[in-house]
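If you want the building blocks of each chain, they are given just below.
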Amino acid sequence: IHERRVPVIITQATANVLTNERASPYLFRSAMSSYQQEAAGGWYVAAKLGHKRIAVVALDYVAGHEQADGFIRTFMESGGQSVEKVYMPLGTMDVAPYMTRIQNKAGQFDAVVGILWGPTAPQWVKAWKEYGLKEKLPLLTLGSTVEESFLPLQGDAALGILSWLSYSPVLETAENKRFVQAFGRRYSKWPSYNNHLGYLAAKVSGEALRAINGNVEDQPGFLEAVRRVRFEAPGGPFRFD
């Protein structure tokens, strides 16, 4: 991308290096990095909820480690004292061994944090209730652990879980209400955060193209137009920094 000078908007990939060590003037992230996604959660769990001793359950591959590390960093900086890490292979369906490990040490934790997605997420939430932990410890999660598409599978086990994410379809803003209604008319369901990420990337492209009257052959002009994009998104005000 950099060598060929191809403008690219990252819609979802969270690898930190893409906009840090390997940053390029042709590469834009309209989504969030692994660190950005979890930093607010780590701060909130320690500074606002006051938890000191936690277990973090995450997926054992690069993105899972990056996101867990982002959470742990701000958790410890904000008053956290100890973290036990529990990693599961990507795509794990049998969560019993990992749930048992948490169950055996439940008395050592103020809360458990789940940074999970994919097929593992609903399995973990359901098992949390089945193993009797729901009544003993708070389960706090990345929003994708309890995203809208998983809720029918999770049922009552998801009730009471506090989560964080860059978007929620129940945000009480005029722009989000418009977005949710339009999405519902088109697809007959609620939008998830991935749908919001796709919308952001498309909106960035559209606003930049409008600013240069569609003249994408003027690459410097297009790149500058992308950098200057500002708009009110369903998830809140959007701009690049």
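For the structure, see preceding data.
So, here's what we can say about the structure. (Residues numbered from 1 in each chain as written. Predicted model: local features only at pLDDT ≥ 70, side-chain atom pairs only at ≥ 80, totals over all residues. Heavy atoms only, no water.)

Overview of the pattern of salt bridges
Argument step 1. Under the definition given, this model contains ten salt bridges.
Argument step 2. Between Glu84 and Arg101 there is a salt bridge, with its nearest N and O atoms 3.3 Å apart. Taken together, the positions of Glu84 in strand β4 (residues 82-88) and Arg101 in helix α3 (residues 96-104) put the pair 17 residues apart, joining distant regions of the chain.
Argument step 3. Of the residues examined, Arg101 reaches a relative accessible area of 35% and is grouped as partly exposed.
Argument step 4. Close ionic contact of Arg228 with Glu224 constitutes a salt bridge, the shortest N to O distance being 2.8 Å.
Argument step 5. With relative accessibility at 60%, the residue Arg228 sits in the exposed group. (Salt bridge = Lys/Arg side-chain N within 4 Å of Asp/Glu carboxyl O. Helix = DSSP H or I, 4+ residues; strand = E, 2+ residues; numbered from the N terminus. Buried < 20%, exposed > 50% of the residue type's maximum accessible area, 1.4 Å probe, protein only.)

Comments concerning the packing of helix α7 (residues 193-211) against helix α8 (residues 219-227)
Argument step 1. For the pair α7 and α8, the least separation of the axes is 8 Å and the interaxial angle reads 125°. By the angle between their axes, α7 is oblique relative to α8. Relative to α8, the crossing made by α7 is right-handed. Between α7 and α8, the contacting residues are Val204, Ala208, Leu209 and Ala211 on the first element and Phe222, Ala225 and Val226 on the second.
Argument step 2. Across the contact of α7 with α8, the residue classes tally to seven nonpolar, no polar and no charged. (Axes fitted to C-alpha atoms, helices over the stretch in contact; angles between N-to-C directions. Parallel < 35°, antiparallel > 145°, perpendicular 65-115°, else oblique. Left-handed = near helix turned anticlockwise from the far one by under 90°. Contact = heavy atoms within 4.5 Å. Nonpolar A, V, L, I, M, F, W, Y, C, P; charged D, E, K, R; others polar.)

A few points about the layout of surface pockets
Any empty space left between the atoms is revealed when a probe the size of a water molecule rolls over them.
Argument step 1. Reported here for the largest pocket is a volume of approximately 810 Å³.
Argument step 2. Surrounding the largest pocket, 28 residues form its lining, Arg29, Ala31, Gln36, Phe238 and Arg239 being those nearest its centre.
Argument step 3. If you list the elements that add at least two residues to the lining of the largest pocket, you get β2 (27-29), α1 (34-48), α7 and β9 (236-239).
Argument step 4. In terms of residue count, β9 provides more of the lining of the largest pocket than any other element does, four residues in total.
Argument step 5. A breakdown of the residues in the lining of the largest pocket according to their chemical character gives 13 nonpolar, eleven polar and four charged.
Argument step 6. Roughly 360 Å³ of internal volume is contained in the second largest pocket.
Argument step 7. Around the second largest pocket sit 20 residues that line it, and Gly143, Val146, Glu148, Ser163 and Ser168 are the ones nearest its centre.
Argument step 8. For the lining of the second largest pocket, a count of residues per class yields eleven nonpolar, seven polar and two charged. (1 Å grid on protein atoms, 1.4 Å probe; cavity = no way out; pocket = protein on both sides within 12 Å on 5 of 7 lines; lining within 4 Å. Points joined across faces, edges and corners; volume = space filled by probe spheres on them.)

So, to be careful, I would describe these as geometric facts and stop short of saying anything about function.
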